[in-house]
Amino acid sequence: MSVSVRIPTILRTYTGGNAEVSSEGATLRDVLAKLDSDYPGIGARILDESGKIRRFVNVYVGEEDVRFAEGLDTPAPAGTQISIIPAVAGG
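Computed from a predicted structure; not experimentally measured.

Thresholds, definitions, all that
- Residues numbered from 1 in each chain as written.
- Predicted model: local features only at pLDDT ≥ 70, side-chain atom pairs only at ≥ 80, totals over all residues.
- Heavy atoms only, no water.
- Pairing = 2+ DSSP bridges.
- Helix = DSSP H or I, 4+ residues; strand = E, 2+ residues; numbered from the N terminus.
- Buried < 20%, exposed > 50% of the residue type's maximum accessible area, 1.4 Å probe, protein only.

Asker: Explanation requested: the sheet that holds strand E5 (residues 81–86) in the structure shown.
Answerer: Pairing within the open sheet is mixed, and its five strands lie in the order E2-E1-E5-E3-E4. The outermost strands of the open sheet, each flanked by one partner alone, are strand E2 (20–24) and strand E4 (64–65). Bridge analysis of strand E1 (residues 2–6) against E5 gives three bridges, and the strand direction is parallel. Within the sheet, the bridge partner assigned to Ser-4 lies in E5 and is Gln-81.

Structure representation (C-alpha cells):
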C-alpha cells in the first residue's frame, strides 16, 4: 500500500533533498513509522516524545487535516498523498 509523502523544505535534509518520497502503511501511524525507518530521525521532528503529532506540525492525508479526522489512526489508502506542513507563525 504505497503512498506519497510531501516533505517540507526544513525536513528534506533527512530525505536527501527529496521533496516527495514513497512510504507505506495502512494508517498514518504506520506510514510515519516506515518513513522514520527509511529516513532515520525524521519521525522525531514530526512526533513528540509521547508519540503525538507535534503542536506546530500539520499533517494531511489527502485533503483531510488528521487533527479533525482520526489522528495517527487516519487510514492511508494506497495512492494517497500525505502532506507534512510546518505551521508558520508571525505577527
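Back to the write-up after that little detour.
Asker: Please explain the pairing of strand E3 (residues 57–61) as it appears in this structure.
Answerer: Walk down a regular strand and you will see the side chains alternate between the two sheet faces. Burial along E3 is one-sided: Val-57, Val-59 and Val-61 are buried, while Asn-58 and Tyr-60, pointing the other way, are not. Across five bridges, the pairing between E3 and E5 is antiparallel. Residue Asn-58 lies in a different strand from E5, and its bridge partner there is Ile-85. Where E3 meets E4, two bridges bridge the pair, whose relative direction is antiparallel.

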